[in-house]
2 protein chains.
Amino acid sequence: MRKVAESTVRRLSLYLRFLEEFAARGVATVSSGELASRGGTTSAQVRKDLSFFGSFGKRGMGYAVPEMVAQLREILGLARRWRVALLGAGKIGSALIEHRGFRERGFDIVAVFDQDPRKIGTAWNGLTVQDEAGLEAALRRAPVEIAILAVPSDAAQGLADRLTGLGIAAILNVAPVQLVVPPHVEVRTVSLAMELEGLSFALTNR
Amino acid sequence: MRKVAESTVRRLSLYLRFLEEFAARGVATVSSGELASRGGTTSAQVRKDLSFFGSFGKRGMGYAVPEMVAQLREILGLARRWRVALLGAGKIGSALIEHRGFRERGFDIVAVFDQDPRKIGTAWNGLTVQDEAGLEAALRRAPVEIAILAVPSDAAQGLADRLTGLGIAAILNVAPVQLVVPPHVEVRTVSLAMELEGLSFALTNR
DNA sequence: GTTTGTGAAACGATTCACAGCT
DNA sequence: AGCTGTGAATCGTTTCACAAAC
């Protein structure tokens, strides 16, 4: 089952959201075409995406919504919970932790770190902000699989190195820098600024 | 010059950042290889990316840093300023507007809208939060090129439709939904939740 | 008749490799 | 000698199109 494109996985996330909506409205089955029109792709793309993982549909019928939801959750690794550490208790971090959507989808933020003495020790949605200096000790005591890096750009790589040393499995980087990490660490970078530049380019060149 | 891949543009944004760092440190020239190692690509990729827009380097020498910075700014459409409206004065929107990085890169948030009566009229970094109901009037009086949609998922499509009606050129969508818009409207969607799911998949399947 | 699942074809992006400048 | 610029080759993704299942 190896060798699934990142673009495919992104679409699977979208399909899951649509299917959950359909499920909430009590829809029993859905066709690849319906899924496609909601997600801005084609029916062939939907079927190809799913075909990497098995065959879930009934010819002439489409896909059974609740079953498909369960399958996609399984495929995406959302049938379990993930422990997440948040690094950086600034505005962005703050917006993240209070966003209940993460918890609903299986991601539990179990620790928050910052380097600012004024923030250390303060309460945060049931958590206490810990000193970044104690990162190693804290994460060895209570390991996490994923870290969200919401710190200034110039601090990101240093923290990524420390996380790598701790054996972190994945990093979600919210800074407009390219992190250098060993190949066994999964990294996704999300940068509003870079997306805005993409829009700027698109608007300029046409 | 048409037909540049989105992945290419994203890398150009990265190159620009590295080049700005090099410029700040007074480095005069840089080779495709140096640029590549900082950005996680290959030297051939760097050269190919740039080749879409002309030839900027000197064989045997590399690229002149300050000139290259100016060129990339031009290419990305950052040699001008863009007017941006922020829709949604919640936590995420709040984090965004106070993030000075946008202004530094040429994106001026000139209006903020929300639908919550408790927020309307309050001051926000020199701006006053306006009633979402008055979106059309306000944006006709003072148009913007780009809108950042930082509202709950279920409100996103409705606002996208209203923005489209106003002739908006581009939308940066910060909600985990796929927006349906006419082809002349550029959309980029950024969803932390979906990236986390990508990490979940990667960790599960290996 | 409808819709899936999937090889094959088409398309697009990346990597290779080398000629041509400096 | 070093490094760019770029066609050609390779690799990966998307689209096509149709046989098989319901």
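Refer to the structure printed above.
Since the structure is predicted, the reported quantities are computational estimates derived from the model, not experimental observations.

## Let's talk about the interface of chain B and chain A
Okay, step 1: Facing the 57 residues of chain B at the interface are 57 residues of chain A.
Okay, step 2: Interface area for chain B against chain A, summed over the two sides, is near 5,400 Å², with a carbon-plus-sulfur share of 69%.
Okay, step 3: The three residues of chain B that bury the most area against chain A are Leu-196, Glu-197 and Phe-201 of chain B, which together make up 13% of that side's buried surface.
Okay, step 4: Put simply, chain B and chain A have six salt bridges between them.

## Details of the pairing of strand β3 (residues 82-87) of chain A
All names here are of chain A.
Okay, step 1: Burial of β3 is extensive: five of the six residues sit out of reach of the surface.
Okay, step 2: Relative to strand β4 (residues 107-114), β3 runs parallel, the two sharing six bridges. Looking across to β4, one finds that Leu-87 is bridged to Phe-113.
Okay, step 3: Pairing geometry for β3 and strand β7 (residues 146-149), over four bridges, is parallel. Across the sheet, Leu-87 pairs through a bridge with Leu-149, a residue of β7.

## Looking at the relation of the copies chain B and chain A
Okay, step 1: Superposing chain B onto chain A requires a rotation of 180 degrees together with a translation of 0.0 Å along the rotation axis, leaving an RMSD of 0.0 Å. The superposition of one copy onto the other is thereby described by a two-fold rotation axis.
Okay, step 2: Interface residue correspondence from chain B to chain A reaches 100%, placing this contact among same-surface, isologous pairings.

## Section: the packing of aromatic side chains
Okay, step 1: For the structure shown, the criterion picks out three aromatic pairs over all chains.
Okay, step 2: For the pair Phe-53 of chain A and Phe-201 of chain B, a centre-to-centre distance of 6.0 Å together with 90 degrees between the ring planes defines the contact as edge-to-face. Remark: Phe-201 of chain B occurs in helix α9 (residues 192-204) and Phe-53 of chain A occurs in the loop between α3 (43-51) and β2 (63-64); the pair is interchain, linking two chains. Side by side, Phe-53 of chain A and Phe-201 of chain B carry an identical accessibility label, which is buried.
Okay, step 3: Aromatic rings pair up to connect Phe-52 and Phe-53 of chain A together with Phe-201 of chain B into one cluster.
Okay, step 4: One Lys or Arg, Arg-80 of chain A, reaches over the ring of Trp-82 of chain A and ends 3.6 Å from the middle of that ring.

## Re unusual backbone geometry
Residues and elements named next belong to chain A.
Okay, step 1: Although it is not a glycine, Asn-125 sits at a positive phi angle of roughly 50 degrees.
Okay, step 2: Note that Asn-125 resides in the loop between β5 (123-124) and β6 (127-131).
Okay, step 3: A relative accessible area of 54% means that Asn-125 is categorised as exposed.

## Some thoughts on the protein's contact with DNA strand C
Okay, step 1: Close contacts around DNA strand C come from 23 residues, with Ser-32, Arg-47, Ser-55, Gly-60 and Tyr-63 of chain A the closest.
Okay, step 2: The protein-proximal atoms of DNA strand C, defined as those within 4 Å of the protein, are 60% sugar or phosphate.
Okay, step 3: With respect to DNA strand C, the side chain of Arg-47 of chain A contributes an N or O atom lying 2.6 Å from a base nitrogen.
Okay, step 4: Gly-57 of chain A is positioned with one of its backbone polar atoms (N or O) 2.9 Å from a phosphate oxygen of DNA strand C.
Okay, step 5: Only α3 of chain A together with α1 (6-24) and α3 (43-51) of chain B provide two or more residues apiece to the surface near DNA strand C.
Okay, step 6: Residue composition of the surface near DNA strand C, by class: five nonpolar, ten polar and eight charged.

## Observations regarding the sheet that holds strand β6 (residues 127-131) of chain B
Okay, step 1: Strand order across the open sheet formed by seven strands is β5-β6-β4-β3-β7-β8-β9 (chain B), with mixed pairing between neighbours. Since the sheet does not close on itself, it has two edges, and those belong to β5 (123-124) and β9 (186-189) of chain B, each with one partner.
Okay, step 2: Across the face of the sheet, helix α9 (residues 192-204) of chain A comes into contact with β3 (82-87), β4 (107-114), β7 (146-149), β8 (170-173) and β9 of chain B while running at roughly 165 degrees to β9 of chain B.
Okay, step 3: Of the strands in this sheet, β3, β7 and β8 of chain B are in contact with helix α8 (residues 153-165) of chain B, which crosses β7 of chain B at around 170 degrees.

## Thoughts on the protein's contact with DNA strand D
Okay, step 1: Around DNA strand D sit 23 residues in total, of which Arg-59 of chain A together with Ser-32, Arg-47, Gly-57 and Tyr-63 of chain B are the nearest.
Okay, step 2: A distance of 3.4 Å is found between a base nitrogen of DNA strand D and a side-chain nitrogen or oxygen belonging to Arg-47 of chain A.
Okay, step 3: A distance of 3.1 Å is found between a sugar or linking oxygen of DNA strand D and a backbone nitrogen or oxygen belonging to Gly-60 of chain B.
Okay, step 4: Breaking the surface near DNA strand D down by element, the ones donating at least two residues are α1 (6-24) and α3 of chain A together with α3 of chain B.
Okay, step 5: Among the elements that make up the surface near DNA strand D, the one with the highest residue count is α3 of chain A (four residues).
Okay, step 6: Classifying every residue of the surface near DNA strand D gives five nonpolar, ten polar and eight charged.

How each quantity is defined
- Residues numbered from 1 in each chain as written.
- Chains lettered and ligands numbered in written order.
- Predicted model: local features only at pLDDT ≥ 70, side-chain atom pairs only at ≥ 80, totals over all residues.
- Heavy atoms only, no water.
- Contact = heavy atoms within 4.5 Å.
- Buried area = accessible area lost by both parts, 1.4 Å probe.
- Salt bridge = Lys/Arg side-chain N within 4 Å of Asp/Glu carboxyl O.
- Buried < 20%, exposed > 50% of the residue type's maximum accessible area, 1.4 Å probe, protein only.
- Helix = DSSP H or I, 4+ residues; strand = E, 2+ residues; numbered from the N terminus.
- Pairing = 2+ DSSP bridges.
- Least-squares fit on C-alpha atoms with pLDDT ≥ 70 in both.
- Phe/Tyr/Trp six-rings, centres within 6.5 Å; stacked < 30°, edge-to-face > 60°.
- Lys NZ or Arg CZ within 6 Å of the ring centre and 35° of its normal.
- Near = heavy atom within 4 Å.
- Polar contact = N/O pair within 3.5 Å; in protein donor to acceptor, adjacent residues only side chain to side chain.
- Nonpolar A, V, L, I, M, F, W, Y, C, P; charged D, E, K, R; others polar.
- Axes fitted to C-alpha atoms, helices over the stretch in contact; angles between N-to-C directions.

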